[in-house]
Amino acid sequence: MKVDNDANAFYCDCVKEEQNPVNAMLRLDRMPSIWCPGCGVGTSVNAFARALKQAKVNLEKTAIVSGIGCSGRVSGYLNFDSFHTTHGRAIPFATGLKLANPELNVVVYSGEGDLIAIGGNHFIHAARRNMDLLVICVNNFTYGMTGGQVSPTSPASAKFTTAPFGQFEEPFNLPNLAESAGAVYVARWTTFHVNQLAKSMREALNKRGFRFIEVISPCPTLYQRRNKLGDGLDAMKYYVEKSVINNNADTREIKIDFQDEITVGTFVNKERPTFLESMNARFSQTIGASYQPYPEG
Ligand SMILES: Cc1ncc(C[n+]2csc(CCOP(=O)(O)OP(=O)(O)O)c2C)c(N)n1
Ligand code: SF4
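Residues numbered from 1 in each chain as written. Chains lettered and ligands numbered in written order. Predicted model: local features only at pLDDT ≥ 70, side-chain atom pairs only at ≥ 80, totals over all residues. Heavy atoms only, no water.

Caption draft 1: Quick peek at empty space enclosed by the protein. What the rule picks out here adds up to 2 cavities of 30 Å³ or more. Here the largest cavity defines a volume of roughly 60 Å³. Here the lining of the largest cavity is composed, by residue class, of 5 nonpolar, 3 polar and 3 charged. Computed from the structure, the second largest cavity encloses a volume of approximately 40 Å³. Lining the second largest cavity, in full, are Lys98, Met131, Asp132, Arg208, Thr274, Phe275, Leu276 and Glu296. Split into classes, the residues belonging to the lining of the second largest cavity amount to 3 nonpolar, 1 polar and 4 charged. (1 Å grid on protein atoms, 1.4 Å probe; cavity = no way out; pocket = protein on both sides within 12 Å on 5 of 7 lines; lining within 4 Å. Points joined across faces, edges and corners; volume = space filled by probe spheres on them. Nonpolar A, V, L, I, M, F, W, Y, C, P; charged D, E, K, R; others polar.)

The following block contains the structure:
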């Protein structure tokens, strides 16, 4: 790795502007990132940056919101109006942003602990309302940032700092949770499926309503080491071996067991009125012609 010491930036020559098409999307002055070698969060960001480049959305009006955790650091590395909010509060913050300025494309990008444990209540209600948000959840089955505790997706029998004899609680199946709560777009990919992931992200960026993408991602430092699952490359081998692409799979059937099959694909892609469309329709109907519709973005 050749290090560029001339500029204020400290990054390897593999990320020079002319060489990498996604550099404009990133805050290179903040590189290197905090993520460990083999971590999947950065891989997901690469797919997201490519999707942003290809999506037909106004990048000037795109905002990224994340909560707390290793995945929650994504907002700090993206070259957009970005907000690093408190733990579990990315979705309510993003909801406020969207309602205050409906023209914005608001993306929430965070971990399953942040979004589904402390933030679980916000998640289900935003999906129920069909709030116009794209939510990207990096699911590494653990709380990485705080030392490898059990998370709401931790597979049964895997070990964690808080479950040294193996965890036994039923994990959430996130695509099914999102669909049941009302999401209009639901997909799951691993960090091996970078092209499919970028395509899903692009598709979801160009759609309105509550859109959810789960990214199954390695945490070699805490989850894998404790469970003797090797490094980042071993995680990729596991994803190759055990992933089954099944677009339109019934989300009730795609829970993830410890080191077992992972069903990936785009499971839901449908239309229903967003929160603001429903609000305008209801008030127009009940108040009548004097109602001035709220801008829908
Ligand atoms: C109110 C509050 N409670 C607890 C914490 C500690 N905390 C920080 S990150 C985190 C979990 C993050 O897990 P996840 O979202 O899965 O992200 P990862 O680090 O695995 O990417 C917790 C519990 C906090 N910052 N604030
Ligand atoms: S602790 Fe895990 S999730 Fe956090 S940066 Fe390291 S590998 Fe990634």
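Caption draft 2: Up close: the sheet that holds strand 8 (residues 211-216). Reading across from one edge, 2-1-3-4-8-7-10-9 is the order of the 8 strands in this open sheet, with mixed pairing throughout. Both edges of this open sheet fall to strand 2 (81-84) and strand 9 (243-245), since each of them pairs with a single strand only. Across the sheet, the mean angle from the axis of one strand to that of its neighbour is 20°, orientation sign disregarded. Two elements, strand 7 (residues 185-190) and strand 8, share 6 bridges in a ladder whose sense is parallel. Across the sheet, Val186 pairs through a bridge with Phe212, a residue of strand 8. (Pairing = 2+ DSSP bridges. Helix = DSSP H or I, 4+ residues; strand = E, 2+ residues; numbered from the N terminus. Axes fitted to C-alpha atoms, helices over the stretch in contact; angles between N-to-C directions.)

Caption draft 3: The packing of helix 1 (residues 41-54) against helix 7 (residues 194-205), seen in detail. At a minimum axis separation of 8 Å, helix 1 and helix 7 run at an interaxial angle of 45°. When the axes of helix 1 and helix 7 are compared, the pair comes out oblique. At the point where helix 1 passes helix 7, the crossing takes the right-handed sense. Where helix 1 abuts helix 7, its residues Thr43, Ser44, Ala47, Phe48, Ala51, Leu52 and Gln54 lie against Val194, Leu197, Ala198, Met201, Arg202 and Leu205. The residue inventory of the contact of helix 1 with helix 7, partitioned by class, reads 9 nonpolar, 3 polar and 1 charged. (Parallel < 35°, antiparallel > 145°, perpendicular 65-115°, else oblique. Left-handed = near helix turned anticlockwise from the far one by under 90°. Contact = heavy atoms within 4.5 Å.)

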